[in-house]
Amino acid sequence: MDEFEQELRQAMERRPAPPGLKRKVMERRRRAPRPQGNALWWQRLAATVVLAAAVGGAVEWDAHIREERQRGEAAREQVLTALRITGHALNQMNAKLAAHGRAQE
Amino acid sequence: MAHDWQPDFEQLVDEHQAMVFSLAWRMTGDRGLAEEIAQDVFMELDKHLPKMETAEHARFWLRRVAMSRSADALRRRRVRGVDLWVEMEERHGIKLEERSSPLGARLEQLLTTLPEAQRAALVLRYQEDLTPEEIAATIQAPLATVKSNLQRGLKLLRAKATSHLKEYVRVKEQLGGV
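A. Seen up close, the overall build of chain B. When helices and strands are tallied, chain B shows nine helices and zero strands. Reading chain B from its N terminus to its C terminus gives the helix and strand order α-α-α-α-α-α-α-α-α. Considering only residue pairs separated by 6 or more positions, chain B has 73% of its internal contacts joining residues 24 or more positions apart.

B. A look at the overall build of chain A. Regarding its fold elements, chain A presents three helices and zero strands. Written out in order from the N terminus, the α and β elements of chain A read α-α-α. The 105 residues of chain A split such that 6% are buried.

C. Representation of the interface of chain B and chain A in the model. Each side of the interface is counted separately: chain B has 24 residues, and chain A has 20 residues. Mapped by element, the contributors of at least two residues to the side of chain B that touches chain A are α1 (9-28), α2 (31-48), α5 (102-111) and α6 (116-127) of chain B. With nine residues, the top contributor of residues to the side of chain B that touches chain A is α1(B).

D. Examining unusual backbone geometry more closely. Residue and element names in this part refer to chain B. Within the chain, Asp129 stands out as a residue other than glycine whose phi angle is a positive 60 degrees. Relative to the helices and strands, Asp129 resides in the loop between α6 and α7 (132-139). The backbone of Gln140 sits at a positive phi, close to 50 degrees, despite the residue not being glycine. Inspection of the secondary structure puts Gln140 in the loop between α7 and α8 (143-164).

E. Spatial organisation of the nonpolar core. Residue and element names in this part refer to chain B. If you look at the biggest cluster of nonpolar residues, it comprises 47 residues, and the most contacted ones within it are Ala24, Ala38, Val41 and Ala66. The leading source of residues in this core is α1, at eight residues. Both domains that furnish three or more residues to this core are identified here as domain 1 (1-79) and domain 2 (95-178). If we skip the residues at most four places from it in the chain, Ala24 touches Ala34, Ile37, Ala38, Ala66 and Ser70.

F. Quick peek at the confidence of the model for chain A. Here chain A averages 89 in pLDDT, while 95% of its residues score no lower than 70. Per-element averaging of pLDDT across chain A places helix α1 (residues 3-11) of chain A at the bottom with 88 and helix α2 (residues 21-31) of chain A at the top with 94.

Thresholds, definitions, all that
Residues numbered from 1 in each chain as written. Chains lettered and ligands numbered in written order. Predicted model: local features only at pLDDT ≥ 70, side-chain atom pairs only at ≥ 80, totals over all residues. Helix = DSSP H or I, 4+ residues; strand = E, 2+ residues; numbered from the N terminus. Contact = placed C-beta atoms within 7 Å. Buried ≥ 20, exposed ≤ 12 C-beta atoms within 10 Å, placed from the backbone. Core = buried A, V, L, I, M, F, W, Y, C linked by C-beta atoms within 7 Å. Domains from an automatic or database assignment. pLDDT = per-residue confidence, 0-100.

Here it is, written out as structure tokens:
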């Protein structure tokens, strides 16, 4: 280290902090809002409740969709059965009409 | 034992307020701003206090955050070093003659005219006595960049000092001739 660097080192010695710096910092620290233990506990509880509600809602919605689908399937089956019965009845009616027509001839 | 160390906020402020304030002042050249930065740095330390593992860790953290917040403040203000020093003299009544050494005072003035990266490297090297490796870790820059900034900053400062300090050189020569 040469003379110039020695001078530079001396010139760059730490300066004393302003007299009120520590007091101001400690005052700001006292005024600063601090997360309390209870507040943290309530925040965690609220987050858990919200999460549980979201999961519960999703499960409920899924069950609702599944139930709707099952009802749709049952209704479709009923319609198909009704259509089959109606078709069968129409076929019988046609057969009877055909037999009656042949008897008149 | 490092694990037995418990951070004491008030003690950390006591121990490091001069360091944090000096770094901020030398980087910004503004005493009032440096005090604000120092306060902010310690408030940030308060939030991170549980994460401080050792006294050395706390000192390293304070240096890093002080440099970072000073750089942020400089970017916000966009003020050049020369103007900062003029502001330092005019607003805070700091006279060059009050310093112990005229060369030291002039060097400090000239330091504020260096590019920010070079100034940061020199401040950490000569105020904090850090090695280039420690400086690189503190300002999170590549070691090669830090070494380059140190060399260029020192060279530039020396050149500025040579051209600006003719009076000092003359006095030194006179003293040498006696």
